[in-house]
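# Analysis of the macromolecular model
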Amino acid sequence: GPYYGGAVTISGANFGNTNEYTSVIIGNFTCSDVQVVVPSTQITCVVPPGAGMGMVTTVKVAGQQTELVYDIFYYLSPVDVVVQQVSSVSTAGGRITIYGSGFGNVPSFVDVKINQQRCVNVSIVLYNIAVACNVSSGI
């Protein structure tokens with residue numbers, strides 16, 4: 001699914017006929033707005049923004065749980081990361097903020113390098129819009 005979240009469709013069996021008793025977890029993310037589209041065989045839900053790959057889809061119906069290991073979920077990587085502005089930092093290093101889009105909301109999936117040097121302690125400042133990190137001296 002897209003890193004910014006959205007609707008996903010899950011096909012299988014024994015999903016029941018009502019939304020009331022059905023829940024979906026993809027990796028560590030709980031889907032919202034679970035809907036039985038085709039009774040017992042197809043449901044949709046809205047996955048929140050995130051990042052990751054190889055996540056197991058878990059469907060729970062009336063307290064019974066199944067892991068759909070054949071239905072591994074992947075968030076797509078952002079393709080529109082555009083750096084618009086970088087705050088200034090002295091030659092001694094320090095914390096910078098990078099503004100743009102497509103950063104997502106999981107700091108461990110954001111990799112920032114400046115002149116081949118890794119920026120560390122990455123944090124999300126504004127969801128999908130700005131990240132901050134520490135740069136070393138000499139950059």
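Owing to the predicted nature of the structure, the values given are computational and were not obtained by experimental measurement.

## Overview of the confidence of the model for the protein chain
- Looking at the protein chain as a whole, its pLDDT mean stands at 78, while 78% of the residues score no less than 70.
- Of all helices and strands in the protein chain, the one with the weakest mean pLDDT is strand E8 (residues 82-86) (59), whereas strand E4 (residues 32-38) scores best (91).

## A short note on unusual backbone geometry
- Of note in the backbone geometry, Ala 62 takes a positive phi value of approximately 50 degrees without being a glycine.
- Position of Ala 62 relative to the elements: it lies in the loop between strand E6 (55-61) and strand E7 (64-73).
- Judged by its relative accessible area of 57%, Ala 62 is exposed.
- In the Ramachandran plot, Asn 121 falls in the positive-phi region, its phi being about 55 degrees despite a non-glycine side chain.
- Residue placement: Asn 121 occurs in strand E11 (residues 117-126).

## What to know about the nonpolar core
- Judged by nonpolar contacts, the single largest core of 15 residues is most densely connected at Ile 10, Val 24, Ile 26, Cys 31, Ile 43, Cys 45 and Val 59.
- For this core, the secondary structure elements donating two or more residues are strand E1 (6-11), strand E2 (22-26), E4, strand E5 (42-47) and E6.

## Topic: a nonpolar patch on the surface
- Together, Tyr 99, Val 125, Leu 126 and Ile 129 line one region of the surface with nonpolar side chains, adding up to about 330 Å² of accessible area.
- Examined against the element boundaries, Leu 126 turns out to sit in strand E11.
- Residue Leu 126 is classed as partly exposed on the basis of its relative accessible area of 44%.

## Description of the state of the cysteines
- Enumeration over the complete set of coordinates arrives at 2 disulfides.
- Note on cysteine connectivity: Cys 31 is disulfide-linked to Cys 45, with sulfurs 2.5 Å apart. In this pair, Cys 31 is assigned in the loop between strand E3 (29-30) and E4 and Cys 45 in strand E5, connecting sequence segments 14 residues apart.
- Accessibility expressed as a relative area gives 9% for Cys 31, which makes it buried.
- You can call Cys 45 buried: its relative accessible area is 2%.
- For the protein chain, the bonded cysteines pair up as 1-2, 3-4 when numbered in the order they occur along the sequence.

Conventions we followed
- Residues numbered from 1 in each chain as written.
- Predicted model: local features only at pLDDT ≥ 70, side-chain atom pairs only at ≥ 80, totals over all residues.
- Heavy atoms only, no water.
- pLDDT = per-residue confidence, 0-100.
- Helix = DSSP H or I, 4+ residues; strand = E, 2+ residues; numbered from the N terminus.
- Buried < 20%, exposed > 50% of the residue type's maximum accessible area, 1.4 Å probe, protein only.
- Core = buried A, V, L, I, M, F, W, Y, C linked by side-chain atoms within 4.5 Å.
- Patch = residues over 30% accessible without salt bridge, like charges linked within 9 Å, V, L, I, M, F, W, Y side chains within 5 Å.
- Areas by Shrake-Rupley, 256 points an atom, 1.4 Å probe, with all protein chains shown as cover.
- Salt bridge = Lys/Arg side-chain N within 4 Å of Asp/Glu carboxyl O.
- Disulfide = S-S within 2.5 Å.

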